[in-house]
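# Observations on the three-dimensional arrangement
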Amino acid sequence: MKRFFSLLLIGIFLLLLIPTFSAESGCSARGAVVMEACSEQTLFEQNPDLPLPEASTTKIMTALLVLESVQTDRRFRVSAKAATVEGSQLGLKAGEELSVKDLLYVLMMKSGNDAAVVLAEGVSGSEPAFVEKMNQKAAALGLVQTHFKNPHGLPAEGHQTTARELAKLTAAALENEDFRALVSTQR
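Residues numbered from 1 in each chain as written. Predicted model: local features only at pLDDT ≥ 70, side-chain atom pairs only at ≥ 80, totals over all residues. Heavy atoms only, no water.

## Points about the overall build of the protein chain
Condition: By the criteria applied, helices consist of DSSP H or I runs no shorter than four residues and strands consist of E runs no shorter than two, each listed in order from the N terminus. Contacts are assigned to residue pairs with any non-hydrogen atoms lying within 4.5 Å of each other. Only the protein chains shown count as cover for residues, with accessible areas throughout obtained via the Shrake-Rupley method and a probe of 1.4 Å.
A tally of helices and strands in the protein chain yields eight helices and six strands. Listed N to C, the secondary structure of the protein chain is α-β-β-β-α-β-α-β-α-α-α-β-α-α in terms of helices and strands. In the protein chain, once contacts between residues fewer than 6 apart in sequence are set aside, the share between residues at least 24 apart is 60%. A total accessible area of about 9,300 Å² is found for the protein chain, and carbon and sulfur atoms account for 51% of it.

## Considering the nonpolar core
Definition in use: What we call a nonpolar core is a set of buried Ala, Val, Leu, Ile, Met, Phe, Trp, Tyr and Cys residues that are connected through their side-chain atoms within 4.5 Å. Per-residue accessibility, obtained with a 1.4 Å probe over protein chains only, is compared with the maximum for each type, and a residue is labelled buried under 20%, exposed over 50%, and partly exposed between these values.
Ranked by size, the top nonpolar core spans 42 residues in total, and within it Val66, Phe76, Leu103, Leu104, Leu119, Leu169 and Phe179 carry the most contacts. Counting residues per element, the ones that place at least two in this core are helix 2 (58–69), helix 3 (80–83), helix 4 (100–109), helix 5 (113–124), helix 6 (127–140), helix 7 (163–174) and helix 8 (177–184). In this structure, phenylalanine 179 is in contact with Ile60, Ala63, Leu64, Leu67, Met108, Ala173 and Leu174, ignoring residues within four places of it in sequence.

## Let's talk about the confidence of the model for the protein chain
Heads up, the condition is: The predictor reports its confidence for every residue as pLDDT, a score running from 0 up to 100.
Mean pLDDT over the protein chain: 89, with 87% of residues reaching 70 or higher. Here residues 13–23 scores under 50 on pLDDT; set against residues more than four positions off or in separate chains, the count is 32 contacts.

## Focus on helix 8
Residues spaced three or four apart along an α-helix point in a common direction, a consequence of the helix completing one turn every 3.6 residues. Quick note on the threshold: Arc definition: it is the arc formed by the directions from the helix axis to the C-beta atoms. Polar contact is the term for a pair of N or O atoms within 3.5 Å; when the atoms are in protein, one must be able to donate a hydrogen and the other to accept it, and sequence-neighboring residues count only if both atoms are side-chain atoms.
For helix 8, the full list of buried residues reads Phe179, Leu182 and Val183. Within helix 8, the buried residues cover an arc of 85° as seen down the axis, which keeps them to one side. Here helix 8 starts with a cap whose side-chain oxygen sits 2.9 Å from the backbone nitrogen of aspartate 178, and that cap is asparagine 176.

## Observations concerning the packing of helix 2 against helix 6
Counted only if it meets this: For helices, the fitted axis covers only the stretch in contact; all axes are lines through C-alpha atoms, and the angles between them, taken along N-to-C directions, range from 0 to 180 degrees. Put simply, angles under 35 degrees are roughly parallel, angles over 145 are roughly antiparallel, angles from 65 to 115 are roughly perpendicular, and the rest are oblique.
Helix 6 packs onto helix 2 with a crossing angle of 95° between their chain directions and a minimal axis gap of 10 Å. As judged from the angle between their axes, helix 2 and helix 6 are roughly perpendicular. The segment helix 2 lies against helix 6, with Thr58, Met61, Thr62, Leu64, Leu65, Val66 and Glu68 engaging Phe130, Lys133, Met134, Lys137 and Ala138.

## Structural notes on the packing of helix 5 against helix 6
As a reminder of what qualifies: For this classification, the nonpolar set comprises Ala, Val, Leu, Ile, Met, Phe, Trp, Tyr, Cys and Pro, the charged set comprises Asp, Glu, Lys and Arg, and every other residue, Gly included, is treated as polar.
In contact at an axis separation of 8 Å, helix 5 and helix 6 are set at 85° when each is read in the N-to-C sense. Taken together, the axes of helix 5 and helix 6 lie roughly perpendicular to each other. Within the contact between the two elements, helix 5 uses Val117, Ala120, Glu121, Val123 and Ser124 and helix 6 uses Glu127, Ala129, Phe130 and Lys133. Taken together, the residues of the contact of helix 5 with helix 6 sort by class into five nonpolar, one polar and three charged.

## Section: the pairing of strand 1 (residues 32–36)
Put simply, the rule is: For two strands to pair, DSSP has to find at least two bridges joining them.
Where burial is concerned, most of strand 1 is hidden: four out of the five residues are buried. Linking strand 1 to strand 2 (residues 41–46), which pair antiparallel, is a turn of four residues; within it glutamate 40 sits at a positive phi near 60°.

## Structural notes on the environment of glutamate 165
Structurally, glutamate 165 is set in helix 7. Placed 24 residues apart in sequence, glutamate 165 and leucine 141 show a C-alpha to C-alpha distance of 9.2 Å. Within the structure, glutamate 165 has its side chain in polar contact with the side chain of threonine 146 (distance 2.6 Å).

## Observations regarding the pairing of strand 2
Across five bridges, strand 1 lies against strand 2 in antiparallel orientation. Across the sheet, valine 34 pairs through a bridge with phenylalanine 44, a residue of strand 2.

## Considerations on helix 4
Those residues of helix 4 that fall on the buried side of the exposure criterion are Val100, Leu103, Leu104, Val106 and Leu107. Summarising the axial view, the buried residues of helix 4 lie within an arc of 160°, below the 170-degree limit, and thus occupy one face. For helix 4, the elements touching its buried residues are helix 2, strand 4 (75–77), strand 5 (97–99), helix 5 and helix 8. At the C-terminal side of helix 4, serine 111 shows a positive phi close to 55°.

## Focus on the pattern of salt bridges
The criterion, for reference: Counted as salt bridges are all cases of a side-chain nitrogen of Lys or Arg within 4 Å of a carboxyl oxygen of Asp or Glu.
Evaluated as defined, the whole model comprises six salt bridges. With its nearest N and O atoms 3.8 Å apart, the salt bridge here joins arginine 75 to glutamate 97. Placement of arginine 75 in strand 4 and of glutamate 97 in strand 5 is noted, with a sequence separation of 22 residues between them. The shortest N-O distance in the salt bridge between arginine 77 and glutamate 97 comes to 2.6 Å.

What follows is the structure in structure tokens.
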């Protein structure tokens, strides 16, 4: 299990970024960190502190905050706003009700932007209020270059992190048993 989570962190740096090949390392990511999750020992880094867009890795923080805030059997109603969010989505319909557990699986397995908005609204009453909590949690984790503008990762000015801080966030999320179960799911 520890090996799986360490390998998950290796995969994180691949999700971050637009390629620019480095002859020295052979790594094509603009920013990369390979970190052993338990000790947070850095095994490899390339531009680890370069601020970059987070994209769907934003959903790591969204899932972690949801798991820390509400029970997974709670049910949330899909708003019109959530049903029409752009990008990757499951196609949730306004008025539909789903359990937090199901929404988390849509969030993490299907990268559902619609699920991210439903969860944010359900936990905090509004997307902006949830984003404020995301930034507070980032600060509490010591992530000084990480800033969230939304719960799903769609492009927004100032929505950014670094490879090092994303690895630290993921290590913190992996300490949560429910998060580990969620990201260990194969289907």
